[in-house]
Amino acid sequence: MQSPSDFPVPPPGCPAHGSGVPLYGPEFAADPDGFYEYLRTFGPAAPVELSPGVHASLVTDYAAALHVLQNPDTFVRDARRWRALNAGEVPLDSAIVPMMLYRPNSLYSDGAAHMRHRQVVTETFARIDTHRLSRHVDRVADYLISQFNGRGRVDLVADYAQLVPLLVFNELFGCPAELGDQLVFSISCLMDGVEADKAIALLTETLMELIALKRAQPGEDVTSWLMQHPGRLTDEELISEIMTLIGGGAEPTQNLIGNALRLLLSDEKYAGDQYGGSLLVEDAINDVLWNNPPIANWAGHYPVRDVELSGTRLNAGDPVLISFAAANSDPSLSTNRQTLSKRAHLAWGAGPHACPAKDPALLISILTIEKLLNKLPDIELSVPVESLTWRPGPLHRALTSLPARFTPVRGESSAAARFSADVRSAPANPVGEQQQQARKGTFWSGFLSWWKG
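As recorded by an unreviewed UniProt entry, the protein chain carries the name Cytochrome P450 and is attributed to Streptomyces glycanivorans.

In structure tokens:
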């Protein structure tokens, strides 16, 4: 990316033209570090455009980011304070607006309401049996690998990293096959930007059915535990909380898996006799969390009054987002930052809204990667690492694809072979007519059939 001095006049989209620096195009996806370097010239927070007509300030300074995250009395999460939205100045058909709107859950609440929601979520997640979770990750990874191990080639994003978290979360939340298919399908559509309104409607309907089922037949699962908690969430709160936990848990985890696999398959420092060992996998994950965090920019806050952040003025009610990626690469930090601490990065957030599902996400990621490398020890990228591309969007750091090749494994199970044939003949997606989405939407019932068979 060009530096500000390279332009004879302010670049298109620059704040000097009256809008923020656009973060939604392919240019940003191709070179986010160049954009962050440019944004730092505006101070600790810079004006950006998240999608056409949706403006915010992006905090790129590490110390300033911590200040915002750790001061909930001044910087609140409730988007009902969003001044421009309330004034009718935000395009409601924007793809990013549904991700920023207020919902009655732990992510978008403050004060006593946040404490209540947060207690329900943290105490529910504390009930997850890590041994049971590990076994299920192992089964899901085995199943997905069985779908492609006879081919000798795979897209590790679409065929593996995207699907493991969704299938594992389906199990954690106690989804039966038919609801699990709808859940995987609608969340995949939402993540891929396929008719978001219809995807949200389907997801809401699916979660209403799941809640009704668990009310009649509670089980040892997250949905039942959320419903049984003394915090007594309403149905609306339950739907909102589950939607955020599954969607907000699956997207970062799949990006973490994909980005770490890219490092392990391309960076020489991860090759050698210990290739694929747990230590190297954890090192690669830590590398990603510092340098390519799966959620790059997020955590929308709204100042309750006009404030100054290290000399930068922020207006009451205007969105302030944290750039976890830019804060982690803040030049003021030590060059040895990631060797000194595995916890000082901001990839999981900080303060009262720090990610409550960090430990399950890390466990899923480590086990998923280890299973693949142990099952297919000669796997390698099938394209130059320089040719890999990243999904456009201001929030995530996610690969478009990760093509790999390996020695085919013969003897695919008959159940897996039958399922592969069923998937290839699956009907088109009714939401957007996308064949790939229809394929994703049958994986849960296919996995259950494979496991029981």
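Participant: Please give an account of the sheet that holds strand β3 (residues 54-59) that cites residues and values.
Facilitator: A sheet is described by the order of its strands in space; here six strands give the open sequence β1-β2-β3-β9-β6-β4, paired in mixed fashion. Each end of this open sheet is capped by a strand with a single partner; those strands are β1 (21-22) and β4 (75-76). Alignment of β1 against strand β2 (residues 45-51), held across two bridges, turns out to be parallel. Paired with proline 22 across the strands is glutamate 49, a residue of β2.

Participant: Got a sec to walk through the pattern of salt bridges? Specific residues and values, please.
Facilitator: Taken as a whole and assessed by the stated rule, the structure comprises 15 salt bridges. Between glutamate 89 and arginine 83 there is a salt bridge, with its nearest N and O atoms 3.6 Å apart. Note on glutamate 89: relative accessible area 47%, which makes it partly exposed. Under the relative-accessibility criterion, arginine 83 is labelled partly exposed at 40%. Residues joined in a network through salt bridges with shared partners are Asp138, Asp142, Lys371 and Lys375.

Participant: An account of the packing of aromatic side chains is requested, with residue identities and associated values reported.
Facilitator: Counting across every chain of the model gives seven aromatic pairs. Where phenylalanine 28 meets phenylalanine 35, the ring centres are 5.4 Å apart and the plane angle is 85 degrees; that geometry is what we call edge-to-face. Considered together, phenylalanine 28 and phenylalanine 35 belong to a single accessibility category, that of buried residues. Judged by centre distance (6.2 Å) and plane angle (15 degrees), the rings of phenylalanine 169 and phenylalanine 173 are stacked. One exposure class covers both phenylalanine 169 and phenylalanine 173, and it is buried. Counting every residue linked through ring pairs, the aromatic cluster contains Phe28, Phe35 and Tyr36. The residue whose ring lies beneath arginine 80 is tyrosine 102, and the NZ or CZ to ring-centre distance is 3.7 Å.

Participant: Please give an account of the nonpolar core that cites residues and values.
Facilitator: Formed by 78 residues in total, the largest nonpolar core has its most connected members in Leu156, Tyr160, Phe173, Ile369, Leu372 and Ile379. Per-element tally for this core: the top contributor is helix α13 (residues 235-266), with 14 residues. Not counting chain neighbours up to four residues away, the residues in contact with phenylalanine 173 comprise Leu210, Lys214, Asp221, Val222, Thr223, Leu226, Ile242, Leu245 and Ile246. In terms of nonpolar packing, the next biggest core, distinct from the first, is built from 50 residues, Phe35, Val76, Ala84 and Ala325 among them.

What counts and how
Residues numbered from 1 in each chain as written. Predicted model: local features only at pLDDT ≥ 70, side-chain atom pairs only at ≥ 80, totals over all residues. Heavy atoms only, no water. Pairing = 2+ DSSP bridges. Helix = DSSP H or I, 4+ residues; strand = E, 2+ residues; numbered from the N terminus. Salt bridge = Lys/Arg side-chain N within 4 Å of Asp/Glu carboxyl O. Buried < 20%, exposed > 50% of the residue type's maximum accessible area, 1.4 Å probe, protein only. Phe/Tyr/Trp six-rings, centres within 6.5 Å; stacked < 30°, edge-to-face > 60°. Lys NZ or Arg CZ within 6 Å of the ring centre and 35° of its normal. Core = buried A, V, L, I, M, F, W, Y, C linked by side-chain atoms within 4.5 Å. Contact = heavy atoms within 4.5 Å.

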